[in-house]
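# Summary of structural features
Here's the letter readout for the chains.
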Amino acid sequence: MSLIEIIVLALVQGLTEFLPISSSAHLILPSQLLGWQDQGTAFDVAVHVGTLVAVIIYFRKEVGEILNAWFKSFGQQGQTEDSQLGWWILLATIPSLIIGYLCKDLVEVYSRNAYIIATTTIVFGLLLWYADVKAKQIKTLYQLNWVSALLIGLSQVVAMLFPGTSRSGITMTVGLLMGLNKQSAARFSFLMSIPVIAAAGSYYIFKLASSDEIIDWNAILLGSVLSFVSAYFCIHFFLKVIERMGMMPFVVYRLLLGLGLFAFLLL
């Protein structure tokens, strides 16, 4: 990988992992549109670890409280709001882990193309617009129930099967449709990403350990640092943007991106 490829791909991963615009789509596009070769398993691990560390550090207080309450719920303390939230995150994670593992080969072979990305970018952008405008958005994070958590978790499967959907985008969309306010939908999506990214990173590491891929440690270090920094600031500013402007800027971006992709592909 060249230096420019390392910088671009790491920043793209960090900036798009938590925005409702699809990180997988943006990571696939350079190879589709610019002819760049696949970045390799080791680099995928590096940038995913960078974004994972970013979300854990940003939400360290919430993560600590949830984990502490969840473990204590097995003792005399019983269930609290935080421990229950921990169970909902776990419940929401299970479908994506099972179906993602079973369908990983299908995704890699059939779904990674620009036409699918362009279509899903537009379709799920419009769905995000509908949820942003029409949903009630009256519930807080602690008013989430197991049915809503499971439905949000199942929506992650769609994003895994169809690049361009956006894991964060579809989970926030369903969260809004379930009545969560914007901040709560976004925070639940971010907290859900921790076990999902950790599982994906573990899979990549196992895959890397059993391969003969030559590791460029300079690319690994630079990629992980850049993805961490860009993801951390992305989370911070995204939460402020949706408070003031809602999801509309990201809806407009998705529509323009999808239409631009179709124009490029058809010309």
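The model shown is predicted, which means the values in this text are computed figures rather than measured ones.

Attention shifts here to the packing of helix α7 (residues 114-134) against helix α9 (residues 167-177). Following both chains from N to C, one finds α7 and α9 inclined at 30°, their axes separated by 9 Å at the closest point. If you check the angle between α7 and α9, you find them roughly parallel. Note that α7 runs across α9; the crossing there is left-handed. Residue-level contacts link F124, L127, L128, Y130, A131 and D132 of α7 to G169, I170, T173, L176 and L177 of α9. The residue makeup of the contact of α7 with α9, split by class, is 8 nonpolar, 2 polar and 1 charged.

Okay, the packing of helix α5 (residues 81-102) against helix α8 (residues 146-161) next. Following both chains from N to C, one finds α5 and α8 inclined at 30°, their axes separated by 8 Å at the closest point. Judged by the angle between their axes, α5 and α8 are roughly parallel. As α5 packs across α8, the resulting crossing turns out to be right-handed. For the pair α5 and α8, contact is made by W88, L91, A92, T93, P95, S96, I99 and G100 and by W146, A149, L150, G153, L154, Q156, V157 and M160, respectively. Looking at the contact of α5 with α8 residue by residue, the classes come out as 11 nonpolar, 5 polar and no charged.

A few words now on the pattern of salt bridges. A full pass over the atoms with the stated rule returns 3 salt bridges. With its nearest N and O atoms 2.8 Å apart, the salt bridge here joins K61 to E65. Taken together, the residues K61 and E65, both in helix α4 (residues 60-72) and 4 residues apart, mark about one turn of the helix. Residue classification places E65 among the partly exposed positions, given a relative accessible area of 32%. In this structure, the salt-bridge partner of R187 is E62, at a minimum N-O distance of 2.9 Å. In this pair, R187 is assigned in helix α10 (residues 182-209) and E62 in helix α4, connecting sequence segments 125 residues apart. Since its relative accessible area comes to 25%, R187 is described here as partly exposed. Overall, E62 belongs to the partly exposed group, its relative accessible area being 26%.

Criteria and thresholds
- Within any chain, residue numbers begin from 1 and follow the written order of that chain's sequence.
- Totals for whole chains, interfaces and linings use all residues, but because this is a predicted model, local features are given only for residues with pLDDT of at least 70 and pairs of side-chain atoms are given and counted only at 80 or more.
- Hydrogens are left out, water is left out, and the side-chain values use all remaining heavy atoms of the structure.
- A fitted line through C-alpha atoms represents every axis, and for helices the fit uses only the stretch in contact; the resulting angles, taken between N-to-C directions, go from 0 to 180 degrees.
- Under the scheme used here, helices are H or I runs from DSSP no shorter than 4 residues and strands are E runs no shorter than 2 residues, and both carry numbers assigned from the N terminus.
- Should an angle fall under 35 degrees it is called roughly parallel, over 145 degrees roughly antiparallel, and 65 to 115 degrees roughly perpendicular, with every other angle called oblique.
- Handedness of a crossing follows from how the near helix is turned relative to the far one, being left-handed for an anticlockwise turn of less than a right angle and right-handed for a clockwise one.
- Contact between two residues is taken to exist if any of their heavy atoms lie within 4.5 Å; hydrogens are not considered.
- Residues were grouped as follows: Ala, Val, Leu, Ile, Met, Phe, Trp, Tyr, Cys and Pro as nonpolar; Asp, Glu, Lys and Arg as charged; and all remaining residues, including Gly, as polar.
- Any Lys or Arg side-chain nitrogen located within 4 Å of an Asp or Glu carboxyl oxygen qualifies as a salt bridge.
- Here the term buried applies to any residue with accessible area under 20% of the maximum for its type, exposed to any over 50%, and partly exposed to those in between, with areas from a 1.4 Å probe on protein chains only.

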